[in-house]
Amino acid sequence: MSFDTIGIVGGGAFGTALAETLCRAGRDVVLWARNAAVVDEIATRHTNSTYLPGVVLSDKLCATTDIAIAASRRVVLLVTPVQQSRTVMVAMRPHLMAGTPVVLCSKGIEQSTGRMLTSVLADTLPHAVPAVLSGPSFAHEVVRGLPVALTIATAEAALGEKLSAAIGYRYFRLYWSDDLIGVQIGGAVKNVLAIAAGILDGKNLGSSAHAALVTRGFAELRRFAEAQGARADTLMGLSGLGDVLLTCGSPVSRNMSLGRALGQGRPLAEILDTRKSVSEGVFTATAVVALAGKLGISMPVSEAVAAIVTGRVPVDAAINALLARPFKQED
């Protein structure tokens, strides 16, 4: 099958950025968005001011509210919020050809089931071929055509090579992996760590504390991932360490900026009410902690974030509990 047409499902910041950069690279792309106003704005004004203010999009970028048009393409990139992805997959089902690669681009874990998106895809679209795209990338940089490098994970190398050729180009570099679990977990858990890093930043606890927290958080990410069969080399790559470095190190990150606001004393509900884009770490934190408990994995940083975002523990108490943990050998 030739991957000569690409459907992008999800008209938020990253979905629009992917559509724009691939359109500029000469790909045949159509973007689906649920919001008719967003689609109309892309079609008539060549902007998506809701999610990418100040960015002018190509007049060649096609957008639609008809999911059948995007889902019937040769390759589909799914870029909807994780907690909405199951519903969108079900809507795609009548239109997706058997054997179509569905590239999962959102980073998180389904909160209600504790399952990765590849498992959700297997439930809802068993005739699709799963792939995962993840790594350090901000939408506002991707849409400007700045260089990024990401991991594309597929079970077979031949498919990874074909997808890399279909989606990648000079400024959008893709590296193949067959570790779908590791690539997904790296992208999911780093959002939780970014909230924690933002909280420290909001509390002005300093760069040394930030480095310590991210290092210890990455150690628990590795424990969690390896317990589920992920490979250590995947976690040290773009979709693990690379994404952690970006998301935990920049206040531009949605999750880190949310954590920073929490550290400054703002209530979570107030923060979320002012945002159009989803901070996946809020939902992933509780799913990660629940699954870690079943696996017998210690994840104190993630547990602290989950306690804060669910309102069970105030920020200062969560920080004090981490600082009061007993000294131990570094693992």
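See above for the structure.
Before going into details, it helps to say that this report is about the structure given with it. (Residues numbered from 1 in each chain as written. Predicted model: local features only at pLDDT ≥ 70, side-chain atom pairs only at ≥ 80, totals over all residues. Heavy atoms only, no water.)

### Points about unusual backbone geometry
No. 1: Even without glycine at this site, His-46 takes up a positive phi of about 60 degrees.
No. 2: Mapped onto the fold, His-46 is located in the loop between helix H2 (36–45) and strand E3 (62–64).
No. 3: With relative accessibility at 23%, the residue His-46 sits in the partly exposed group.
No. 4: Even without being a glycine, Asn-204 presents a positive backbone phi close to 55 degrees.
No. 5: As for its position among the elements, Asn-204 is in the loop between helix H8 (180–202) and helix H9 (207–226).
No. 6: With relative accessibility at 70%, the residue Asn-204 sits in the exposed group. (Helix = DSSP H or I, 4+ residues; strand = E, 2+ residues; numbered from the N terminus. Buried < 20%, exposed > 50% of the residue type's maximum accessible area, 1.4 Å probe, protein only.)

### Focus on the packing of aromatic side chains
No. 1: In the structure shown here, the tally under the stated rule is 2 aromatic pairs.
No. 2: Ring geometry for Tyr-169 versus Tyr-171: centroids 6.4 Å apart, planes at 80 degrees, classification edge-to-face.
No. 3: With centroids separated by 6.4 Å and ring planes inclined at 20 degrees, the aromatic side chains of Tyr-169 and Phe-172 adopt a geometry described as stacked.
No. 4: Here the aromatic residues Tyr-169, Tyr-171 and Phe-172 are joined through ring pairs into a cluster of three or more.
No. 5: The residue whose ring lies beneath Lys-162 is Phe-3, and the NZ or CZ to ring-centre distance is 4.4 Å. (Phe/Tyr/Trp six-rings, centres within 6.5 Å; stacked < 30°, edge-to-face > 60°. Lys NZ or Arg CZ within 6 Å of the ring centre and 35° of its normal.)

### Details of the packing of H8 against helix H11 (residues 238–247)
Packed helices, taken two at a time, are described by the angle between their axes plus the distance between the axes.
No. 1: For the pair H8 and H11, the least separation of the axes is 8 Å and the interaxial angle reads 25 degrees. In terms of axis orientation, H8 runs roughly parallel to H11. The element H8 and its partner H11 pack so that their crossing is right-handed. Note on element contacts: H11 touches H8 through Ser-239, Gly-240, Asp-243, Val-244 and Thr-247, opposite Val-183, Gly-186, Gly-187, Lys-190, Asn-191 and Ala-194.
No. 2: Of the residues in the contact of H8 with H11, the class split is 3 nonpolar, 6 polar and 2 charged. (Axes fitted to C-alpha atoms, helices over the stretch in contact; angles between N-to-C directions. Parallel < 35°, antiparallel > 145°, perpendicular 65-115°, else oblique. Left-handed = near helix turned anticlockwise from the far one by under 90°. Contact = heavy atoms within 4.5 Å. Nonpolar A, V, L, I, M, F, W, Y, C, P; charged D, E, K, R; others polar.)

### Examining the nonpolar core
No. 1: With 46 residues, the main nonpolar core has Val-189, Phe-224 and Leu-262 as its most contacted residues.
No. 2: Of all the secondary structure elements, the ones that give two or more residues to this core are H8, H9, helix H12 (254–263), helix H13 (268–273), helix H14 (281–295), helix H15 (300–309) and helix H16 (315–323).
No. 3: Broken down by element, the residue count for this core peaks at 11 residues, all from H8.
No. 4: Look past the residues within four positions of Leu-262 in its chain and what remains in contact with it is Ile-195, Ile-199, Leu-268, Ile-271, Ile-308, Val-309 and Val-315.
No. 5: Judged by nonpolar contacts, the second largest core, of 39 residues, contains Ala-13, Leu-57, Leu-77 and Leu-174. (Core = buried A, V, L, I, M, F, W, Y, C linked by side-chain atoms within 4.5 Å.)

### Considerations on the sheet that holds strand E2 (residues 28–32)
No. 1: If you trace the 8 strands from one edge of the open sheet to the other, you get E3-E2-E1-E4-E5-E6-E7-E8, paired in mixed fashion. Across the chains shown, the open sheet's two edge strands, defined by having one partner strand only, are E3 and strand E8 (172–177). Averaged over all pairs of adjacent strands, the angle between strand axes in this sheet comes to 25 degrees, irrespective of strand direction.
No. 2: Seen against the sheet, helix H1 (residues 13–24) touches strand E1 (5–9), E2, strand E4 (75–78) and E8 and runs at an angle of roughly 165 degrees to E2.
No. 3: Along the sheet face, H11 touches strand E6 (129–134), strand E7 (148–153) and E8 and points at about 145 degrees away from the line of E7. (Pairing = 2+ DSSP bridges.)

### Considerations on the side chain of Asn-191
No. 1: By the element assignment, Asn-191 lies in helix H8.
No. 2: Those residues in contact with Asn-191, other than ones at most four positions away along the chain, are Lys-107, Thr-247, Asn-255, Glu-280 and Gly-281.

### Things to note about H8
No. 1: Across its 23 residues, H8 extends 34 Å between first and last C-alpha, which sits within 8% of the 33 Å expected from 1.5 Å per residue.
No. 2: A positive phi of about 55 degrees marks Asn-204, the residue just after H8. (Expected span 1.5 Å × (residues − 1).)

### Some details on the pattern of salt bridges
No. 1: Applying the stated criterion to the full structure yields 13 salt bridges.
No. 2: The partner of Arg-86 in a salt bridge is Asp-123, and the shortest N-O contact between them spans 3.5 Å. Within this pair, whereas Arg-86 is found in helix H4 (residues 82–92), its partner Asp-123 is found in helix H5 (residues 117–124), the two being separated by 37 residues in sequence.
No. 3: For Arg-86, a relative accessible area of 25% gives the class partly exposed.
No. 4: Ionic pairing is found between Arg-231 and Asp-233, a salt bridge with its closest N-O pair at 3.2 Å.
No. 5: With a relative accessible area of 34%, Arg-231 lands in the partly exposed category. (Salt bridge = Lys/Arg side-chain N within 4 Å of Asp/Glu carboxyl O.)

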